[in-house]
Amino acid sequence: MSENPKLQKWAELASKQMKGKSVDSLDWMTPEGIKVKALYTAEDLEGLENINTMPGMAPYTRGPMTTMYAGRPWTIRQYAGFSTAKESNAFYHKALAAGQKGLSVAFDLATHRGYDSDHPRVAGDIGKAGVAIDSVEDMKILFDGIPLNEMSVSMTMNGAVIPILAGYIVAAEEQGVSHDQLSGTIQNDILKEYLTRNTYIYPPGPSMRIISDIMAFCSKNMPKYNTISISGYHMMEAGANSVLQTAFTLADGVEYVRAALKSGMDVDTFAPRLSFFFGIGMNFFMDIAMLRAARFLWHRLMSEFKPKNPKSSMLRTHCQTSGWSLTEQDPYNNVIRTTLEAMSAVLGGTQSLHTNSFDEAIGLPTDFSARIARNTQIIIQEESQVCHVIDPLGGSYYIESLTNSIVEEAQKIIDEIAGLGGMAKAIESGMPKMRVEESAARKQARIDQGLDVIVGVNKYKLADEKIDFEVREVPATVRDEQIARIKEIKASRDQATVKKALDDLTNAAKNGGNLLEAALPAVRARATVGEISDAMEAVFGRFVATTRCISGAYSSEFKANDDTITAIKERTNKFLEKQGRRPRLLVTKMGQDGHDRGFKVIASAYADLGFDVDISPMFQTPEEAAKMAIENDVHVVGASSLAAGHKSLIPALIKELKKIGGEDILVVAGGVIPPADYDFLFEAGVKAVFGPGTPIPVSADKTLSLLEEKYR
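Worth saying up front: this structure is predicted, and the values here are computed from it rather than measured.

Quick look at the nonpolar core
Next, step 1: One finds Met215, Phe248, Tyr256, Phe270, Trp298 and Met423 to be the most contacted residues of the largest nonpolar core, which totals 111 residues.
Next, step 2: The biggest single contributor to this core is helix α12 (residues 284-302), with twelve residues.
Next, step 3: Membership of the second largest hydrophobic core comes to 61 residues, among which are Ala160, Ile214, Cys218 and Ala527.

Observations concerning the layout of surface pockets
Next, step 1: What the second largest pocket holds in volume is close to 930 Å³.
Next, step 2: Of all the elements in the fold, those that place two or more residues in the lining of the second largest pocket are β1 (28-29), α9 (233-238), α10 (242-262), α13 (333-348) and α17 (431-449).
Next, step 3: Among the elements that line the lining of the second largest pocket, the one with the most residues is α17, at six residues.
Next, step 4: Of the residues contributing to the lining of the second largest pocket, the split by class is 14 nonpolar, eleven polar and eleven charged.

A look at helix α25 (residues 622-631)
Next, step 1: Of the positions making up α25, those classed as buried are Pro622, Ala625, Ala626, Met628 and Ala629. Down the axis of α25, the sector holding all buried residues measures 160°, keeping them to one side.
Next, step 2: Looking at the packing, one finds that the buried side of α25 touches β12 (584-589), β13 (612-615), β14 (636-641) and α26 (646-659).
Next, step 3: Backbone geometry just downstream of α25 places Asp633 in the positive-phi region, at approximately 55°.

Quick notes on a nonpolar patch on the surface
Next, step 1: Together, Met282, Ile336 and Leu340 line one region of the surface with nonpolar side chains, adding up to about 270 Å² of accessible area.
Next, step 2: Note on placement: Met282 falls in the loop between β9 (274-280) and α12.
Next, step 3: Met282 sits in the partly exposed class, given a relative accessible area of 41%.

Here we look at the pairing of strand β8 (residues 228-231)
Next, step 1: Alternating positions in β8 separate into two faces, Ile228 and Ile230 on one and Ser229 and Ser231 on the other, with burial throughout.
Next, step 2: As defined by bridge partners, β8 adjoins β9 across four bridges and the pair is classed as parallel. Bridge pairing links Ser229 to Ser275 in β9.

Thresholds, definitions, all that
Residues numbered from 1 in each chain as written. Predicted model: local features only at pLDDT ≥ 70, side-chain atom pairs only at ≥ 80, totals over all residues. Heavy atoms only, no water. Core = buried A, V, L, I, M, F, W, Y, C linked by side-chain atoms within 4.5 Å. Buried < 20%, exposed > 50% of the residue type's maximum accessible area, 1.4 Å probe, protein only. Helix = DSSP H or I, 4+ residues; strand = E, 2+ residues; numbered from the N terminus. 1 Å grid on protein atoms, 1.4 Å probe; cavity = no way out; pocket = protein on both sides within 12 Å on 5 of 7 lines; lining within 4 Å. Points joined across faces, edges and corners; volume = space filled by probe spheres on them. Nonpolar A, V, L, I, M, F, W, Y, C, P; charged D, E, K, R; others polar. Arc of directions from axis to C-beta. Contact = heavy atoms within 4.5 Å. Patch = residues over 30% accessible without salt bridge, like charges linked within 9 Å, V, L, I, M, F, W, Y side chains within 5 Å. Areas by Shrake-Rupley, 256 points an atom, 1.4 Å probe, with all protein chains shown as cover. Salt bridge = Lys/Arg side-chain N within 4 Å of Asp/Glu carboxyl O. Pairing = 2+ DSSP bridges.

So, to be careful, I would describe these as geometric facts and stop short of saying anything about function.
Below is the structure:
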């Protein structure tokens, strides 16, 4: 305790109130490894270099703009897209009429991975987690009636970024909008795809070239357009804590800067158009401090490149509230969670914000839930009065100290990455991915023990809960519509012109040339997203990641003699004694959804509980998953679903298992599966369904019980 007499007096009074306990017992350690005290004072700010700044002035800790929201509030930019371009367009028009200020487009998984809707690998993915785009004709429908010279458009696209950005440019051309009038952001952040989200197409080298080509083209032709949104959001969703999210996101940013400089660009040509994208979770003050720390660190990191334009070292960011924090159980609690997360982003100084809908733990947002999510931001802007003060928490003893702690801890990781040769080399080593997966496993273990409270899930649970609200479902006919339009386009276009344009793109990939510029003639000629992707894949190849899982992280968060996991371990050992081998589980992720937090955590935790666990490669088809289950002689297949493909992919898996002699293999399912679909899956042959928030020991107990019954 400090020698300050006031603090000593406070400590004495607090100790009396606590009946003799030391006030130090109130201190706690965050998942980031930061010690948080119960009381902060001016003494905690002595010597901190990041606090004596003004908004809009380097190092921008208090915000990138001088007046922040007092001058102009953040942009309400809701991320949306589903089904067909026509349906998404109607949704956008409603949202804009209701107060949304910018568009943020979500594409379906087939589009992300560079497949047309008629490709056999994507049969269960079309229109499910975003809008299906197969050609510029879809892009024109998507933006029908939306003047692209007036509307800022953000597009979350990384793998198929060339055909999608080219499609947007050509759709604008055919609206009569010139390149230099376009404003918005393309995510174009491929490094984080290898780290977490996995919607990559090509290997890292060619992918980094694509990013440089887009930066070069847009810097020359689209000066108002942001060429990259460096994303930490998906790292958070995959399990990264706030320090990991900060460090890895900024390290990605540095890697992109180096790539652009290596290609011959001047730092002040592209750096002012860089933007960031952070995820905001339920650690309220930590994420406020994270955004402030990120701005400070980015300015420090960019100083190495000696930019002349102050905007080159100014971190501007979009934020999105967490999807992972949303719960299927007691789902209206999600409205409160999203509101808190939105306030955290706002108090941290975001430039634009997306608020998730309360029903996204179960399915795509409905018009009703999307309106609540949008109004959350409008109410904060127009009713809470927070926009009248610039950085209202600036000078807070706690916030400033926490900001400094994140700066120090994140800098250590950034230095470690630099020692490995940069973020690309670090990703190749597996270090960032393993750190994120370890963080996710530890978080899940704390939740399963009730150490981290989630209201309605592991505390204050409803005794008899019924979900009685609408769940949006994308019909299988969407794929039929997309295939019909592809056939129509291919029948009406000039095939010779298309072939020449695609051949020219392949030559550019092979021999040099700007790939975005080379793709534009192909898009104008009505080449499809898949054809354009294939034209580059012919040179670059398609990247296949090695899938691994960590061990020990989940169980290490439990006490050595914890009854919950001890009982399960004893049962897996008894199974070994009776059957001659441990219960063997294949955890698989079918379809094109690359979010791997859930199935990686399940694989790691089950291994810690005594199962033999096989983990499949990403993006399996039902046929591939069934074959792997047979070859590995597993007892159970655990199918992880997040992107609404469960009603087609999981029944197809069961059918294939029966076809090739695996009818004795049990199939269980988990993930974002609406309760209304459980009976459908049971009728299809699924033995158990574990919805979001199911504690891993509970699912392991049920899986073991099914096996014990089968092999009794």
